[in-house]
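Listed below, chain by chain, are the residues.
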Amino acid sequence: MGLSTSVLAIDAGNSKTDVAVIAADGSVVGAARGGGFQPPKVGVDAAVDVLTEAVGRAFAQAGVEAVGHVSACLANADLPVEEAELAHALRARDWSASASVDVRNDTFAVLRAGLLEDAEPRGVAVVCGAGVNCAGMLPDGRTARFPAIGKISGDWGGGGGLADEALWFAARAEDGRGERTALMRTLPDHFGLASMYALIEALHLGHVSAARRHECAPVLFATAADGDPVARALVDRMADEVVAMSTVALRRLDLLDEEVPVLLGGSVLAARHPQLDSRIGELLAAQAPKATPRVVSERPVLGAGLLGLDAVGAPPRVHARLRGFYAG
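Values in this document were obtained by computation on a predicted structure and should not be read as measured data. (Residues numbered from 1 in each chain as written. Predicted model: local features only at pLDDT ≥ 70, side-chain atom pairs only at ≥ 80, totals over all residues. Heavy atoms only, no water.)

A. Main features of the pairing of strand β2 (residues 16-22). Summarising burial for β2: 6 of the 7 residues are buried, a large majority. Bridging between strand β1 (residues 7-12) and β2 involves 6 bridges; their strand directions are antiparallel. What sits directly across from leucine 8, in β2, is valine 21. A loop of 3 residues connects β1 with β2, the two strands running antiparallel in sequence. Between the antiparallel neighbours β2 and strand β3 (residues 28-35) lie 5 residues, among them glycine 26 with a positive phi of about 95 degrees. (Buried < 20%, exposed > 50% of the residue type's maximum accessible area, 1.4 Å probe, protein only. Helix = DSSP H or I, 4+ residues; strand = E, 2+ residues; numbered from the N terminus. Pairing = 2+ DSSP bridges.)

Below you can see the structure in the form of structure tokens.
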């Protein structure tokens, strides 16, 4: 298989993990899907055990016991110290015959997958799924990134943050502390409940599971599309945050005045909500007029694989073969 230039690509998100074993010619010879990667909740070793199960199945399919290089793009690898800790944990699993392991935040997988010119890993990506994060990259290896660990690092939004905001405004609207909003009706309706009080009670007592809170974000967007001012203001603020992160990353990499892609990924941005899309486009046109926004439809594991091929010095035809596999 050309062990020294073979790659194990891992894209591990909060809810699922995709792995692929990539041969030296760019063909995918083994692949598997596993559970979510959540070291803050279960610890590093237990989180890596989840990866190990999926990697084991992919290796068995490929008929190998190791590869030349491991390229892992992992959720919750938000700080360089966390990337180093996780890289150490992955090396201990002996997936790379030469202990060659590169760990990055999963935002870099979206960025690399969405870049259409494989010879130039250059651009900015914003991922808005359960949370929100942004990363930029240049061909010389320089990057721009954010801690993205919640409010203490200045973050706002993402699907989880939007759900919390929607519930907050709806609760205050129902009890009179806040302005009126249709969210006080649409949110409990979604869960088959008669009032916000009933929804608050159900969430608090676990009758509606905490895992279902993310369902509030699509309800927020639907309510905004129907014209509710409070919901629309929250959608606008999400767009503002996406553009703020994008333009700061572009500025840090001296790309504000250059033609460059701004790649948008994650479940919230991939849903293509017209109000959100429109405002992001308008704000980017004003603040970074040469930037081109594009919603990434490619699977992030492709990005992890391309980063791995970059690391082993694979030629463009190998990159193209891998991209062709995921385009099929």
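B. Geometry of the packing of helix α12 (residues 300-311) against helix α13 (residues 316-327). Two elements in contact, α12 and α13, have axes whose closest approach is 10 Å; the angle formed by their N-to-C orientations is 170 degrees. Between α12 and α13, the angle is such that the two are roughly antiparallel. Taken together, the residues of α13 that come into contact with α12 (itself represented by Val301, Leu302, Gly305, Leu306, Leu309 and Asp310) are Val318, His319, Leu322, Arg323 and Tyr326. Considered class by class, the residues forming the contact of α12 with α13 number 7 nonpolar, 2 polar and 2 charged. (Axes fitted to C-alpha atoms, helices over the stretch in contact; angles between N-to-C directions. Parallel < 35°, antiparallel > 145°, perpendicular 65-115°, else oblique. Contact = heavy atoms within 4.5 Å. Nonpolar A, V, L, I, M, F, W, Y, C, P; charged D, E, K, R; others polar.)

C. Geometry of the sheet that holds β3. What the 5 strands build is an open sheet, ordered β3-β2-β1-β4-β5; its pairing is mixed. At either margin of the open sheet sits one strand with a lone partner, and together these are β3 and β5 (101-105). Recorded for the sheet is a direction-independent mean angle of 10 degrees between the axes of neighbouring strands. Pairing geometry for β1 and strand β4 (residues 69-74), over 6 bridges, is parallel.

D. Region of the structure containing the environment of glycine 206. Positionally, glycine 206 belongs in the loop between α7 (196-205) and α8 (216-225). Expressed as a C-alpha distance, the spacing of glycine 206 and glycine 43, which sit 163 residues apart in the sequence, is 24 Å.

E. Region of the structure containing the sheet that holds strand β7 (residues 132-137). The 5 strands are arranged β8-β7-β6-β9-β10 in an open sheet whose pairing can be described as mixed. The open sheet terminates on both sides in strands that have one partner only, identified here as β8 (143-145) and β10 (291-295). Across the sheet, the mean angle separating the axes of adjacent strands is 15 degrees when strand polarity is ignored. The pairing of strand β9 (residues 260-265) with β10 spans 5 bridges and is classified as parallel. Considered in β10, the bridge of leucine 264 is made with valine 295.

F. Quick look at the pattern of salt bridges. A full pass over the atoms with the stated rule returns 18 salt bridges. Between aspartate 18 and arginine 33 there is a salt bridge, with the nearest N and O atoms lying 2.8 Å from each other. With aspartate 18 in strand β2 and arginine 33 in strand β3, the pair connects residues that are 15 residues apart, well separated along the chain. On the accessibility criterion, arginine 33 (44% relative accessible area) is partly exposed. The partner of arginine 321 in a salt bridge is aspartate 25, with the nearest N and O atoms 3.0 Å apart. Of this pair, arginine 321 sits in helix α13 while aspartate 25 sits in the loop between β2 and β3; the two residues are 296 residues apart in sequence, bridging distant segments of the chain. On the basis of relative accessible area, aspartate 25 is assigned to the partly exposed category, the value being 30%. Through salt bridges with shared partners, one network takes in Lys16, Asp18, Arg33 and Arg299. (Salt bridge = Lys/Arg side-chain N within 4 Å of Asp/Glu carboxyl O.)

G. How the structure looks around unusual backbone geometry. A positive phi angle, near 60 degrees, is found at alanine 99, a position not held by glycine. The topology assignment puts alanine 99 in the loop between α3 (80-91) and β5. Positive phi, normally seen in glycine, also occurs at alanine 148, with a value near 55 degrees. Assignment of secondary structure puts alanine 148 in the loop between β8 and α5 (158-175). For alanine 148, a relative accessible area of 13% puts it in the buried group.

H. Quick peek at the side chain of threonine 247. Relative to the assigned elements, threonine 247 resides in helix α9 (residues 229-252). Residue classification places threonine 247 among the buried positions, given a relative accessible area of 5%. Ignoring sequence-local partners within four residues, the contact set of threonine 247 consists of Leu256, Leu284, Gln287 and Ala288.

I. Structural context of α3. Compared with an ideal rise of 1.5 Å per residue, which puts 12 residues at 16 Å, α3 spans 16 Å between its outermost C-alpha atoms and is within 8% of the ideal. Considering only its buried residues, α3 is in contact with β1, α2 (44-62), β4, β5 and β8. (Expected span 1.5 Å × (residues − 1).)

J. Structural detail: the environment of glutamate 282. Its place among the elements puts glutamate 282 in helix α11 (residues 274-287). Considered as a pair, glutamate 282 and glycine 324 are 42 residues apart in the sequence and their alpha carbons are 33 Å apart.

K. Fine view of the pairing of β5. Summarising the sheet, β4 and β5 pair through 5 bridges and their orientation is parallel. Paired with leucine 74 across the strands is asparagine 105, a residue of β5.

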